[in-house]
Amino acid sequence: MQTINNVLIVARRNKKTVINNIRLERYAAEGRSVAHFNEGKTIFVEGAVPGDIADILVLKQKKSYAEGKVLQITEYSKDRVTPFCKHFGICGGCKWQMLPYEKQLLYKQQQVADQLSRIGHVVLPELEPIIGSEAQTFYRNKLEFTFSTRQYLSQEELTKAEGEPIAQKPVLGFHAPGLFDKIVDIETCYLQPEPTNTIKNLLRRMALEHQLEFYDHRTKEGWLRNVIIRVATTGEVMVNLIVHHDAEALKFILDALLKAVPDITSLHYTINPKLNDTIYDLPVTTYFGKGFIEERLEQFRFKISPKSFFQTNSRQAEKLYQVVRSFAGLSGQEVVYDLYCGTGSIGIFLSGGAKKIIGIETVADAVEDARENAAWNGLTHCQFFAGDVSKIATDEFFQEHGYPDVIITDPPRAGMHEKLITQLLEIRAPKVVYVSCNPATQARDLQLLDSVYRVSRLQPVDMFPHTHHIENVALLERRSEL
């Protein structure tokens, strides 16, 4: 297929299909752009923004759609802005820095609307305007950086070498997208406030100066593995240094860190000899401080320990929970069930308007944190239970703790389990407030719940500026005819 004057040309290069000079029209899910070719066939494209004209390599051909990636952009969208981070396009985070924030919010709003209508196929109310984040940089309260002997090098860096071998240097940063063993060396990260960059760069410098071993993710050898840094809005700072084994250098590096960064209020270390980086099954040793930091949402206090689960954008979490509280419409007489409750943050945030809060969560450690957080806030009407919802929420359980007037559900990206959907249809609580980090699976679940519940309100909330991720809160009300 070939036309002239900047119009579509489809060619074959090395047995691969390339679409030349195609205009990207809009955004779809997961940060991909959409275009049309071959008399209207849709192609989902990575690496472009709406308004770009680009050459696209087709990676996958299906009957009704295709998938591809950008080979080169021949004309940039007028909406593009200059990214503020030198690591943009390499580290894999903050993929939307080339878009002004108001455009990001527009596309996220469209994404929620498109997915709910296209997948859900239920009657929906008008989508309320997305709640944006006042802070578009330095908004996270937790980051994890990885030590490695293997540095990720961009194609530009490899090209400059002109065939000469490039010596690998020890680095500290983020995993390169899709690569388990290559780390992008991060100098300044704009995701989390200071002293995060100070701590990260100091650790790298000390390790290099004293020739401390960085971990090799291929050979599984080395000493320094990861560092997790948390910075609360209260100003408290937690650092957890993860190493492969105990060594004399551990005390040296921890003492040096405390001396150089007096803002650290809680310092820990973890010995991880395993093949993977997860630490949730490992003991964490407190080296300095009280062993935790405190975060606040409105007047509520939350204890954050080294392995605690907590929303990574505290200020936006506050806004998200305010939406949940508004949708729940509590009068002080309701029994509220908080499913997938994690460390109990939503239930505790809603506790002032509820007669009783019942939280259920599969992760036992998170439930212990939830109980402790409730005690921290002096809440005696909040109870938390560990286990599978479908096994816990029996008729006997309801008779003991009360039937729910409002159910809050905040599932992982995969959405709610089919058994839980069936259970909600049987329980028929008057209200369900569904918090989702994936509008596609939320849309699927809304369709499954449609026989009992109508969707009465929808509110998107942006938790992660410069990414394609979006949260959406739906209020489901039991149909009056039931």
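The rules behind each value
- Residues numbered from 1 in each chain as written.
- Predicted model: local features only at pLDDT ≥ 70, side-chain atom pairs only at ≥ 80, totals over all residues.
- Heavy atoms only, no water.
- Axes fitted to C-alpha atoms, helices over the stretch in contact; angles between N-to-C directions.
- Helix = DSSP H or I, 4+ residues; strand = E, 2+ residues; numbered from the N terminus.
- Parallel < 35°, antiparallel > 145°, perpendicular 65-115°, else oblique.
- Left-handed = near helix turned anticlockwise from the far one by under 90°.
- Contact = heavy atoms within 4.5 Å.
- Nonpolar A, V, L, I, M, F, W, Y, C, P; charged D, E, K, R; others polar.
- Pairing = 2+ DSSP bridges.
- Patch = residues over 30% accessible without salt bridge, like charges linked within 9 Å, V, L, I, M, F, W, Y side chains within 5 Å.
- Areas by Shrake-Rupley, 256 points an atom, 1.4 Å probe, with all protein chains shown as cover.
- Salt bridge = Lys/Arg side-chain N within 4 Å of Asp/Glu carboxyl O.
- Buried < 20%, exposed > 50% of the residue type's maximum accessible area, 1.4 Å probe, protein only.
- Core = buried A, V, L, I, M, F, W, Y, C linked by side-chain atoms within 4.5 Å.
- Phe/Tyr/Trp six-rings, centres within 6.5 Å; stacked < 30°, edge-to-face > 60°.
- pLDDT = per-residue confidence, 0-100.

Peer 1: Hey, could you go over the packing of helix H3 (residues 196–209) against helix H4 (residues 249–260) for me, with residue numbers and the actual values?
Peer 2: Where H3 contacts H4, the axes come no closer than 11 Å and their chain directions differ by 140 degrees. As judged from the angle between their axes, H3 and H4 are oblique. Where H3 crosses over H4, the handedness of that crossing is right-handed. Each of Ile 199, Leu 202, Leu 203 and Met 206 in H3 lies in contact with H4, whose residues at this interface are Ile 253, Ala 256, Leu 257 and Ala 260. Its residues assigned to classes, the contact of H3 with H4 shows eight nonpolar, no polar and no charged.

Peer 1: Please provide a residue-by-residue account of the sheet that holds strand E20 (residues 406–409), values included.
Peer 2: Strand pairing in a sheet relies on backbone hydrogen bonds, with the paired strands running either antiparallel or parallel. With respect to topology, seven strands assemble into an open sheet ordered E19-E18-E17-E20-E21-E23-E22, the strand pairing being mixed. Each having just a single partner strand, strand E19 (382–386) and strand E22 (453–461) make up the two edges of the open sheet. When strand polarity is set aside, the average angle formed by the axes of neighbouring strands in this sheet is 15 degrees. Of the pairings in the sheet, the one linking E22 to strand E23 (residues 471–478) comprises eight bridges and is antiparallel in character. Directly across from Arg 457, in E23, lies its bridge partner Leu 475.

Peer 1: With reference to specific residues and values, describe a nonpolar patch on the surface.
Peer 2: Side chains of Tyr 280, Phe 309 and Val 363 sit close together on the surface and give an oily, nonpolar patch of about 240 Å² of accessible area. As for its position among the elements, Val 363 is in the loop between strand E18 (354–361) and helix H7 (364–376). On the accessibility criterion, Val 363 (32% relative accessible area) is partly exposed.

Peer 1: Pulling in residues and values, what's your account of the nonpolar core?
Peer 2: One finds Leu 203, Leu 224 and Leu 241 to be the most contacted residues of the largest nonpolar core, which totals 77 residues. Sorting elements by how many residues they give to this core places helix H5 (residues 314–328) first, with seven residues. With sequence-adjacent residues up to four places away left out, Leu 203 is seen in contact with Phe 147, Leu 172, Val 227, Leu 241, Ile 253 and Leu 257. Among the nonpolar cores identified, the runner-up in size contains 35 residues, and Tyr 101, Ile 392, Met 416 and Leu 458 belong to it.

Peer 1: Talk me through the packing of aromatic side chains; I want residue IDs and the actual numbers.
Peer 2: Tallied over the full model, the rule gives 16 aromatic pairs. Ring geometry for Phe 145 versus Phe 174: centroids 4.9 Å apart, planes at 20 degrees, classification stacked. Placement of the pair is Phe 145 in strand E8 (residues 142–148) and Phe 174 in strand E9 (residues 171–175), with a sequence separation of 29 residues. Among the residues examined, Phe 145 registers a relative accessible area of 0% and is labelled buried. The interplanar angle of 75 degrees and the centroid separation of 5.5 Å between the aromatic rings of Phe 292 and Trp 376 together place this pair among those described as edge-to-face. Placement of the pair is Phe 292 in the loop between strand E14 (285–289) and strand E15 (293–297) and Trp 376 in helix H7, with a sequence separation of 84 residues. A connected cluster of aromatic rings, assembled from ring pairs, spans Tyr 337, Phe 385, Phe 397, Phe 398 and Tyr 403.

Peer 1: Describe the confidence of the model for the protein, naming the residues involved and giving the relevant values.
Peer 2: A residue-level look at the protein finds 94% of positions with pLDDT of 70 or above and a mean pLDDT of 92. Note that residues 1–7 has pLDDT below 50 and, in this model, twelve contacts with residues that lie over four places away or in other chains.

Peer 1: I'd like a description of unusual backbone geometry, backed by residues and values.
Peer 2: Looking along the chain, the bond that leaves Glu 194 and enters Pro 195 is cis, with omega of 15 degrees. Take Pro 195: it is sitting in the loop between strand E10 (183–185) and H3. Its identity as a non-glycine residue notwithstanding, Asn 21 has a phi of 55 degrees, on the positive side. Among the structural elements, Asn 21 can be located in strand E2 (residues 16–23). One non-glycine residue, Tyr 340, adopts positive backbone phi at about 55 degrees. Relative to the helices and strands, Tyr 340 resides in the loop between strand E17 (334–339) and helix H6 (345–350).

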